[in-house]
Amino acid sequence: ENELGVQPPVGFWDPLEFTKDGNKENFLRRRAVELKHGRVAMYACIGYFVPEYTKFSGDLSPSLGIKFSDVPNGLGALSTVPLAGWLQIVAFCGFIENTGFTFVQRKEIGWMKCASMT
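First things first, this report covers the structure right here in the doc.

Reading guide: rules and limits
Residues numbered from 1 in each chain as written. Predicted model: local features only at pLDDT ≥ 70, side-chain atom pairs only at ≥ 80, totals over all residues. Heavy atoms only, no water. Helix = DSSP H or I, 4+ residues; strand = E, 2+ residues; numbered from the N terminus. Buried < 20%, exposed > 50% of the residue type's maximum accessible area, 1.4 Å probe, protein only. Contact = heavy atoms within 4.5 Å. Areas by Shrake-Rupley, 256 points an atom, 1.4 Å probe, with all protein chains shown as cover. Phe/Tyr/Trp six-rings, centres within 6.5 Å; stacked < 30°, edge-to-face > 60°.

In this section: the overall build of the chain. Scanning the chain from N- to C-terminus turns up three helices and two strands. Listing the helices and strands of the chain from first to last along the sequence gives α-β-β-α-α. Every one of the 118 residues in the chain was classed for burial, and the buried ones make up 19%. Look at the contacts in the chain between residues 6 or more apart in sequence, and 27% of them connect residues 24 or more apart. When the accessible surface of the chain is split by element, carbon and sulfur atoms take 62% of a total near 9,400 Å².

Moving on: the packing of aromatic side chains. Scanning the model with the defined rule gives two aromatic pairs in all. A centroid spacing of 6.0 Å and a plane angle of 85° characterise the contact between Tyr 48 and Phe 49, whose relative ring orientation is edge-to-face. Judged by relative accessible area, which is 46%, Tyr 48 ranks as partly exposed. Ring centres of Phe 56 and Phe 68 lie 5.4 Å apart, and the angle between their planes is 65°; on these two criteria the pair is classed as edge-to-face. You can see Phe 56 sitting in the loop between helix H1 (24-49) and strand E1 (59-61) and its partner Phe 68 sitting in the loop between strand E2 (66-67) and helix H2 (77-80), a full twelve residues away along the chain. On the basis of relative accessible area, Phe 56 is assigned to the exposed category, the value being 65%. The exposure class assigned to Phe 68 is partly exposed, which follows from its relative accessible area of 26%.

As structure tokens, then:
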């Protein structure tokens, strides 16, 4: 029960045998990646639910005449938001991914492991 990754009541659960090689560094990296993916999923849920209740005021794209209030909720936004807007979102996500969720320096997060994998 004192082994790395053992959690009650299941114990060590690895049905696909990703940790079969016994490499501790790989295990810690996978754990950090799992945390990061969980955070991304939570942000995605927030991004799906919040527009049901509130929208930004103002223009999303003044040059195209698109207001934030014109953007439908859910998957309908894919066809409404201009390509430049999606590129900004992807660039911001890449920035956050590269900096480990900080704007100053990389930090140890999670269970004191660096979730930026650097």
